[in-house]
Structures are given as structure tokens and as C-alpha cells.
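The primary structure of each chain is shown beneath.
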Amino acid sequence: MIPNEASWWEDSDEKLVSTEGNASLVRELVDRLLGGGLYTRTALLLLPHKWLGREAEVAARLGIGYINYQDWKSKELTEAHTFLLYSSERLLNEIDDLCSQNQPYSVLFLSSLDLPLSSLNLQHRHAFWEFLFAAFNKRPRALILALPEEAVDVLPKGSALDIWKSTGRLVRWSD
């Protein structure tokens, strides 16, 4: 099992999590991802600056699994890695691997993906978002990507972002 900063949260019944204040909209999103009505169970959560670095706390409040992508990636690297050379395909494969690993949670909350996304050219970033929205299906767990509110450059562009919003799969953590 992947180390999980929220692993102390042993209540596997995700419906019993307290939803104080700003967590209620995100709780509704988690419920939608678990409800079985979505073909692709992916979503985006935009975090204000003061919540960055506290993603494990957000995940614990919601009773969902949590992985910091950068921490996970740094453990995967060897001394032979001098360049990471990200591509949309590589990032999606890594996320797929993370979603497929054995975990006690039905939803995975993944943070610190904004820097790898910013390294992608526009074409690769567009392909990443398109696949994540429409084709990242049939995974054993739903996925919520946590991104800083300020990371507008890495978000889907134009009508693609509007679709994430209109389907209720993009939520802001307000505080």
C-alpha cells in the first residue's frame, strides 16, 4: 500500500465524514464520484494559498485517500534520472498506476501535480485534460486532483474548462 498521510483515518465508511463549512461542496463532489452516475470519475479541486501544504488535512476531513505526487515521484527516482521529461502520456500512466494500487479508499486525492503540468507544452496539456475528463474511466477508484487556485495556466482552457465547471467536476475550496 502507498504511504498515505491521511492513513490514520480508519473510518472506511466515507458517508460518515463530518462536513464542516467549506468542506460541504467538496463532500457533495465526493458523493457524486462515488454515486456511480459518472462515466469518468475525475474532478478538480482548487485550493486557496493558505490551504496549500494542508492537502492531507483536506483528505482526512473528507475520508479519502491522499498522495502527494512530488513525494511519491521523488521516491521513484534513481540517481540515473537527470531529466524527468514529462509528457501527457507519462503523467496519465503514473496517475493510472496510483489509482490502480491497493488502497482502502474509493477516492484518491492527488496533490502537487501543478509543476509537472506546467512543464507540458500546450498540446500535451490539452491531451492530458481531455483524456482525464472523458476517457480516464474504469479505474478502481475515483480521482480528485488538487491544484492551487493560482495555477490557472495549467488548467484546461476555454470551453474545456467550462465543461469541467458545468458538469460540477471543478470545485473551489473556499475559506
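In every chain, residue numbers begin from 1 and rise along the written sequence. Totals for whole chains, interfaces and linings use every residue, but because this is a predicted model, local features are given only for residues with pLDDT of at least 70 and side-chain atom pairs only at 80 or more, for both listing and counting. Hydrogens and water are ignored here; the side-chain numbers use all heavy atoms of the structure.

**Section: the packing of aromatic side chains**
- Geometry of aromatic contacts follows a simple scheme: Phe, Tyr and Trp rings, the Trp one being its six-membered ring, pair when their centres are within 6.5 Å, and the pair is stacked under 30 degrees between planes, edge-to-face over 60, tilted otherwise. Inspection of every chain in the model, using the stated rule, returns 8 aromatic pairs.
- Taken together, the aromatic side chains of Phe128, Trp129, Phe133 and Trp164 make up a single cluster linked through ring pairs.
- Taking NZ or CZ as reference, Arg139 lies 4.1 Å from the ring centre of Phe136, over its face.
- Taking the ring centre of Phe133 as reference, the NZ or CZ of Arg169 above it sits at 4.0 Å. Geometrically, a lysine NZ or arginine CZ counts as sitting over a ring once it is within 6 Å of the ring centre and also within 35 degrees of the ring normal.

**Description of the pairing of strand β1 (residues 42-47)**
- Of all 6 residues that make up β1, 6 are buried, and the element is covered over most of its length.
- Throughout this description, buried means an accessible area under 20% of the type-specific maximum (1.4 Å probe, protein chains only), exposed means over 50%, and partly exposed covers the range between. Each helix is a run of H or I in the DSSP string that is no shorter than four residues. Each strand is a run of E no shorter than two, and both are numbered from the N terminus. Alternating residues of β1 divide into Thr42, Leu44 and Leu46 and Ala43, Leu45 and Leu47, and every residue in both groups is buried.
- Any two strands between which DSSP finds at least two bridges are classified as paired. Two elements, β1 and strand β4 (residues 142-148), share 6 bridges in a ladder whose sense is parallel. Within β4, the residue paired with Leu45 across the bridge is Ala146.
- Two strands pair when backbone bridges link them, and β1 and strand β5 (residues 170-172) are joined in this way by 3 bridges, in the parallel orientation. Across the sheet, Leu45 pairs through a bridge with Val171, a residue of β5.

**Focus: the sheet that holds β5**
- If you walk across this open sheet you meet the 5 strands as β2-β3-β4-β1-β5, and the pairing is parallel. Bordering the open sheet on either side are β2 (65-68) and β5, each of which pairs with just one other strand. Averaged over all pairs of adjacent strands, the angle between strand axes in this sheet comes to 25°, irrespective of strand direction.
- Docked against the sheet, helix α3 (residues 69-76) engages β2 and β3 (107-111), running at close to 60° with respect to β2.
- Any pair of residues with heavy atoms lying within 4.5 Å of one another is described as a contacting pair. Interaxial angles span 0 to 180 degrees and are taken between N-to-C directions of axes, which are lines fitted to C-alpha atoms, for helices over the stretch in contact. The sheet strands contacting helix α6 (residues 122-134) are β1 and β4, and the helix crosses β4 at an angle near 140°.

**As for the pattern of salt bridges**
- Should a side-chain nitrogen of Lys or Arg be within 4 Å of a carboxyl oxygen of Asp or Glu, the pair is scored as a salt bridge. Taken as a whole and judged by the stated rule, the model has 7 salt bridges.
- Of the charged contacts in the structure, one is a salt bridge between Glu149 and Arg172, with a shortest N-O distance of 3.8 Å. Separated by 23 residues along the polypeptide, Glu149 in the loop between β4 and α7 (158-166) and Arg172 in strand β5 bring together distant segments of the chain.
- Classification of Arg172 as partly exposed rests on a relative accessible area of 45%.
- One network of salt bridges, in which partners are shared, links Arg54, Glu57 and Arg61.

**Re the environment of Ala142**
- Structurally, the position occupied by Ala142 is in strand β4.
- Owing to a relative accessible area of 0%, Ala142 belongs among the buried residues under this scheme.
- Placed 100 residues apart in sequence, Ala142 and Thr42 show a C-alpha to C-alpha distance of 5.9 Å.
- If we skip the residues at most four places from it in the chain, Ala142 touches Leu33, Arg41, Ser106, Val107 and Leu108.

**Observations regarding helix α2 (residues 55-62)**
- Of all 8 residues making up α2, 6 are buried, and the element is well covered by its neighbours.
- Looking at α2, one finds that the buried residues are Glu55, Ala56, Val58, Ala59, Ala60 and Leu62.
- Positive phi appears at Gly63, one or two residues downstream of α2, with a value of about 70°.

**Remarks on the side chain of Ser111**
- Examined against the element boundaries, Ser111 turns out to sit in strand β3.
- Sequence-distant contacts of Ser111, that is, excluding residues within four places in its chain, are made with Glu55, Tyr66, Ile67, Asn68, Tyr69 and Ala146.

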